[in-house]
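# Notes for the structure review
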Amino acid sequence: MLFRSVTSLLEGSLLVSAEETDRAGNTLSVSHVVTYDTNTRIISIDTPIAGDDVINDAEQSAVTISGRGEPGALIDIQVQDSIGEIRAQSVVVSASGSWTSEFDLTGLEAGLLSITASETVGGNTVVASHEVILSPNTGAVTIDTPLSGDNLINSVEQNEVFLSGTSQLSGEVTLSASDGVQTISLVAVVDQSGAWNAIMDVSSLDDGPITFIVADTDQVGNEELDVAIATLTTAPPLITVNTPLFEDDMINLAESTNAQVSGTGTPGDNIVVSISDGTTTVEETVTVPASGIWEISADVTSLNDGELVVAGSASDDAGNVSSLVSTVTLDTSAPIVTLTTPIAGDNIVNGAEEEQFGVSGTGEAGASILVTFTDGDNSVTFTSAVDNNGSWNINAANIETLEEGPISVSVEATDSAGNTGNASPHTITHSTEAPAITINSPIAGDDIINDAEDEAVTISGTSTPGMILTVSVDDGEFTINSVITVPASGTWTNVVDVSSLDDGQLTVTASGIDVAGNLASTSRPVEQIGRASCRERV
């Protein structure tokens, strides 16, 4: 190789010729034109690339590479990773001598990247090079869902919302929660296993959707985040209970198997009603229907009589709870009631008594009393109330509309709880018909009593066996009475001495009261003759 200095020649096109002659005298010549240009060519790459010569995950899809070069020159740019994959672009240098190009380096091998920029002017090629590090995100950050178990944060949970998740980027994550107007944030530590957790108080935020964001950045600036949305709902659910409970704040025996509680609430909310005697509790649950009106039925027969606590609570989907508490009385004991007998003194109501006779007894103070008399087809009722001394009475019972014969008497007591009790059944007799009494005639054979007959006048007739009769004979001024009992045959006879009475018309009367107390009487006239009108009477 032969070197020659061309410094003495003018810049521009040069003809380079070479001639060779061999031993035999043969000659061969060649020539070539080159450009002689002694001006220095400059090309450079602006650094640092991406601000720090580290290309992170967020930057790798749009990496700007720029530099300086010969105006108008074509710059060839190559980016090559450690396994030989190349991304290449060409760009023309601007009139000001600057060039720029944007590369998508997604997919290249992470690690060292070699960047070269070359230009060729006048046959001279110059190259600039630079190295950067490609560090796309190799980790992730997560937040566990659902938040609070159901993505609903209620009034109890709002003060301590538990958040957790993972991160592979750094040793701490930043948490934020926003209602769209206000934002709160905190930092949580990531443990060696990559897990993090924190408790956040979101009570200062408004009810509605809350956006939770967990963010983390690795050491080269790669940032990752995860988002979860939950609803903050802290308003207490609506609940009303219709009062008085069980219509009178008392549960009686009849109601105890089906004690009903009702009210209003928000459709879809759960209503729990508990009824407790302090030892045992009965609980019923219902979902408020679309009408907003709810009702439960509870069997409280397992509870002890006395005061009961009735608690009604409403819970919504978020777990917010509203409660109402009342007390009622469970009284399942039937009131005790008695009927004083005999009624009307002898359990027989006669004609004189039927329109007004007394009935009485004892019972539970405050209980209402219903007395019913029935002949089997028709009934009459009377009411009373038990006084503070435990007594009741009806002063003017009237059974005149009932048939003659046996009358059933029932007494029912109803206490303040609505429980009913009954006295032992009782039967009386309704007997108002006057007994039949007859006097046989004629008396003394001809209804005339003469002097021979007047000391032993036989008077006879018929009546009810066993009835006590008073047989009287009077002359208008004086009366002679005899008392007899009607024999079993129903025929009675009485011998009367009327000798002490004045001559003239006498009135013979037979009267009596039957076992029911009904009074009957019958009379007939006779004539007495043969005695002086003024006779000494003893």
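Not measured: the values here are computed from a predicted model.

### Details of the overall build of the chain
From N to C terminus, the chain includes zero helices and 43 strands. Here the C-alpha radius of gyration of the chain, 64 Å, is well above what a compact globule of 538 residues would show, namely 24 Å. When its C-alpha atoms are laid out on the principal axes, the chain stretches across 230 × 40 × 40 Å. Counting over 538 residues, the chain shows a buried share of 38%. Counting contacts in the chain only where the partners sit at least 6 residues apart, residues at least 24 apart contribute 60% of the total. For the chain, the exposed surface amounts to about 28,400 Å²; the carbon and sulfur share of it is 49%. Of the side chains in the chain, 9 bear a positive and 78 a negative charge, and the two mean positions are spaced by 13 Å.

### A look at the sheet that holds strand β23 (residues 281–287)
Strand order in the open sheet formed by five strands is β20-β26-β25-β22-β23, and the pairing between neighbours is mixed. Of all the strands in the sheet, the pair left with one neighbour each is β20 (250–251) and β23. In terms of strand pairing, β20 meets strand β26 (residues 321–330) through two bridges, oriented parallel. In the strand pairing of β26, Met 250 is matched with Thr 329.

### What about a nonpolar patch on the surface?
On the surface, a cluster of nonpolar side chains totalling about 270 Å² of accessible area is made up of Leu 225, Val 227 and Ile 229. Here Ile 229 is to be found in strand β18 (residues 223–232).

### Remarks on the pairing of strand β10 (residues 124–135)
Of the strand pairs in this sheet, strand β4 (residues 54–56) and β10 are connected by three bridges, and their pairing is parallel. What sits directly across from Val 54, in β10, is Ile 133. Across 11 bridges, strand β9 (residues 111–121) lies against β10 in antiparallel orientation. Across the sheet, the residue bridging to Leu 113 is Val 132, located in β10. Counting the residues between successive antiparallel strands, the hairpin from β9 to β10 contains two residues, one of them, Gly 122, with a positive phi of roughly 60 degrees.

### Comments concerning the side chain of Ser 178
Tracing the backbone through its elements, the reader meets Ser 178 in strand β14 (residues 172–178). A polar atom in the side chain of Ser 178 sits 3.0 Å from the backbone nitrogen of Gly 180. A polar side-chain atom of Ser 178 sits 3.2 Å from the main-chain carbonyl oxygen of Gln 182.

### Notes on the pattern of salt bridges
Summed over the entire model, instances satisfying the criterion amount to two salt bridges. Arg 87 is paired through a salt bridge with Glu 85; the nearest N and O atoms lie 3.3 Å apart. Between Arg 524 and Asp 447 there is a salt bridge, with the nearest N and O atoms lying 2.6 Å from each other. In this pair, Arg 524 sits in strand β43 (residues 519–528) while Asp 447 sits in the loop between β36 (438–439) and β37 (448–449), placing the two residues 77 residues apart along the sequence. As far as the burial class goes, Arg 524 and Asp 447 line up, both buried.

### Some thoughts on the packing of aromatic side chains
Applying the stated criterion across every chain yields a total of two aromatic pairs. Residues Phe 357 and Phe 373 carry aromatic rings whose centres are separated by 5.7 Å and whose planes lie at 80 degrees to one another, so their mutual orientation is edge-to-face. With a gap of 16 residues between them, Phe 357 in strand β29 (residues 357–363) and Phe 373 in strand β30 (residues 368–374) connect regions that are remote in the sequence. Here Phe 357 falls in the buried class, since its relative accessible area comes to 4%. Here Phe 373 and Phe 382 contribute two aromatic rings whose centre-to-centre distance is 6.0 Å and whose plane-to-plane angle is 75 degrees, an arrangement assigned as edge-to-face. Both residues of the pair, Phe 373 and Phe 382, count as buried. One aromatic cluster is present, built from ring pairs that chain together Phe 357, Phe 373 and Phe 382.

### A closer look at a negative patch on the surface
Together, Asp 377, Glu 403, Glu 404 and Glu 433 make up a region of like negative charge exposed at the surface. Residue Glu 403 is classed as partly exposed on the basis of its relative accessible area, which comes to 49%.

### Section: the confidence of the model for the chain
With 95% of its residues at a pLDDT of at least 70, the chain reaches an overall mean of 91. When the criterion is pLDDT under 50, residues 532–538 qualifies, and its contacts beyond four places in sequence or with other chains add up to 10 contacts.

What counts, and at which threshold
Residues numbered from 1 in each chain as written. Predicted model: local features only at pLDDT ≥ 70, side-chain atom pairs only at ≥ 80, totals over all residues. Heavy atoms only, no water. Helix = DSSP H or I, 4+ residues; strand = E, 2+ residues; numbered from the N terminus. Rg over C-alpha atoms; globule rule 2.2 N^0.38 Å. Buried < 20%, exposed > 50% of the residue type's maximum accessible area, 1.4 Å probe, protein only. Contact = heavy atoms within 4.5 Å. Areas by Shrake-Rupley, 256 points an atom, 1.4 Å probe, with all protein chains shown as cover. Lys, Arg positive; Asp, Glu negative; His and termini not counted. Charge placed at Lys NZ, Arg CZ, Asp CG, Glu CD. Pairing = 2+ DSSP bridges. Patch = residues over 30% accessible without salt bridge, like charges linked within 9 Å, V, L, I, M, F, W, Y side chains within 5 Å. Salt bridge = Lys/Arg side-chain N within 4 Å of Asp/Glu carboxyl O. Polar contact = N/O pair within 3.5 Å; in protein donor to acceptor, adjacent residues only side chain to side chain. Phe/Tyr/Trp six-rings, centres within 6.5 Å; stacked < 30°, edge-to-face > 60°. pLDDT = per-residue confidence, 0-100.

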